Amino acid sequence: MSADFGGRSGLRDRLSQWLRGGRPKEAAGDGGREDLLLAAAAAGLPLAPAAHPSGYRCSCDRVGCPTPARHPVSFAWQTQSTTDRAQIERWARHQPQANFVTATGMVHDVLDVPLTAGHEALGRLLGAGVEVGPVAGSDDDRMLFFTLTRGTPADEDEWWPCELDCHPETMDEHPGLRWHCRGSYVLVPPARLPGEQTVHWLRGPEHPLPDPLTLLETLTDACARHAGADGGAHAGTAWPLRH
C-alpha cells in the first residue's frame, strides 16, 4: 500500500525535510501540516482528531491528564477514524492546533519501541535489504514502525494483543515493545507534545506497509539489548493503548 503523490507540488519536499530531521516551520494550521496529514490518509492510515499541548499541560479539561496531547478528543475515535480527504481537511482547518491519532488494527498495526532500540533495528533492517515501511520518531524517546495489520488470526492463541508489554509475565520476553493493533492508536506525524517536543516522520507514509513479522525478530532483539544496556529502566515505558 503506497500513497499516490502525483501532482502534489511541494509535498515530497516537505516529507524530505521531515526525513532529514528538519521540521517544517509552518504554523500548525497551514498547508504543511495539512499536506502531511493527507499524505498519511492517502496511504491508508485512518485519522481522528486528538488533544494538543497547552503549555506543559493538555488541551483537554481533565485535571492532571496522564497522557497530555496524546489521546483522541472523542470517545468515538474508532468509528470516527477515516481516510476521507474532505473530512480530514475540515478537521485540520477547524481545529488548527489539534494533533491526530491513527487507529490501528484496521489497515495497519504499529510496533512501538524505545528510540535507541529502534535506531539500531532500523539500521540493521535497511542494511539487510528488508523492506521497512513508514517509521515515526518521537522526542519522548519512542520509535514507531508502521506495518500491515495481522487482522484476526483464526487461532487467537497466536494473537499478540496491544497489552504485550503491560503484564509482568511478558516483560522479560519482550522488554519495551508494544504492538498496537485492535482497539489501539498512535499519534500520526506531524504532532506536538508538551515541552516543544514533536512526533515526526523518519520514513514517510509513501513507503509500502510491510508484514509485521518481517520486522519483529530484529525489533525484539534490539529491545532486549537496549533493556540489558540500561538495566531495564525504560523497558516498560510506552504510550497508552486504551482509554
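A closer look at the overall build of the protein chain
Part 1 of the reasoning: In terms of helices and strands, the protein chain carries seven helices and eleven strands.
Part 2 of the reasoning: The burial tally for the protein chain puts 51% of its 243 residues in the buried class.
Part 3 of the reasoning: Pairs at least 24 residues apart make up 78% of the contacts formed inside the protein chain by residues separated by at least 6 positions.
Part 4 of the reasoning: Here the protein chain has roughly 11,000 Å² of accessible surface; of this, 50% comes from carbon and sulfur atoms.

Some points on the pattern of salt bridges
Close approach of charged atoms lets side chains of opposite charge pair.
Part 1 of the reasoning: Enumeration according to the criterion identifies six salt bridges in this entry.
Part 2 of the reasoning: For Arg93, the salt bridge identified is with Glu34, shortest N-O distance 2.7 Å. Linking Arg93 in helix H4 (residues 85-94) with Glu34 in helix H2 (residues 31-42), this pair joins segments that are 59 residues apart in sequence.
Part 3 of the reasoning: Of the charged contacts, one joins Glu120 and Arg124 as a salt bridge, the two residues approaching to 3.9 Å between their closest N and O atoms. In this pair, Glu120 and Arg124 both sit in helix H5 (residues 115-127), four residues apart, roughly one turn of the helix.
Part 4 of the reasoning: Judged by its relative accessible area of 29%, Glu120 falls in the partly exposed class.
Part 5 of the reasoning: One network of salt bridges, in which partners are shared, links Glu120, Arg124 and Arg225.

Here we look at the nonpolar core
Part 1 of the reasoning: If you look at the biggest cluster of nonpolar residues, it comprises 29 residues, and the most contacted ones within it are Leu47, Phe146, Val188 and Trp201.
Part 2 of the reasoning: It is H2 that contributes the most residues to this core, five residues altogether.
Part 3 of the reasoning: Leaving out residues up to four positions away in the same chain, Phe146 has contacts with Leu45, Thr102, His108, Asp109, Val110, Gly133, Pro134, Ala136, Val186, Trp201, Leu209 and Pro210.
Part 4 of the reasoning: Core analysis: the second largest hydrophobic core is formed by 18 residues, Leu111, Met143, Cys181 and Cys223 among them.

Remarks on the sheet that holds strand S9 (residues 185-187)
Part 1 of the reasoning: The three strands lie next to each other as S1-S4-S9, forming an open sheet whose pairing is antiparallel. A strand with exactly one partner marks an edge of an open sheet, and here the two such strands are strand S1 (47-50) and S9. Shown here is a sheet whose adjacent strand axes are inclined to one another by a mean of 35 degrees, direction ignored.
Part 2 of the reasoning: Two elements, strand S4 (residues 99-103) and S9, share three bridges in a ladder whose sense is antiparallel. Bridging from a neighbouring strand, Val101 pairs with Leu187 of S9.
Part 3 of the reasoning: Running at roughly 15 degrees to S1, H4 makes contact with S1 and S4 of the sheet.

Rules behind the numbers
Residues numbered from 1 in each chain as written. Predicted model: local features only at pLDDT ≥ 70, side-chain atom pairs only at ≥ 80, totals over all residues. Heavy atoms only, no water. Helix = DSSP H or I, 4+ residues; strand = E, 2+ residues; numbered from the N terminus. Buried < 20%, exposed > 50% of the residue type's maximum accessible area, 1.4 Å probe, protein only. Contact = heavy atoms within 4.5 Å. Areas by Shrake-Rupley, 256 points an atom, 1.4 Å probe, with all protein chains shown as cover. Salt bridge = Lys/Arg side-chain N within 4 Å of Asp/Glu carboxyl O. Core = buried A, V, L, I, M, F, W, Y, C linked by side-chain atoms within 4.5 Å. Pairing = 2+ DSSP bridges. Axes fitted to C-alpha atoms, helices over the stretch in contact; angles between N-to-C directions.

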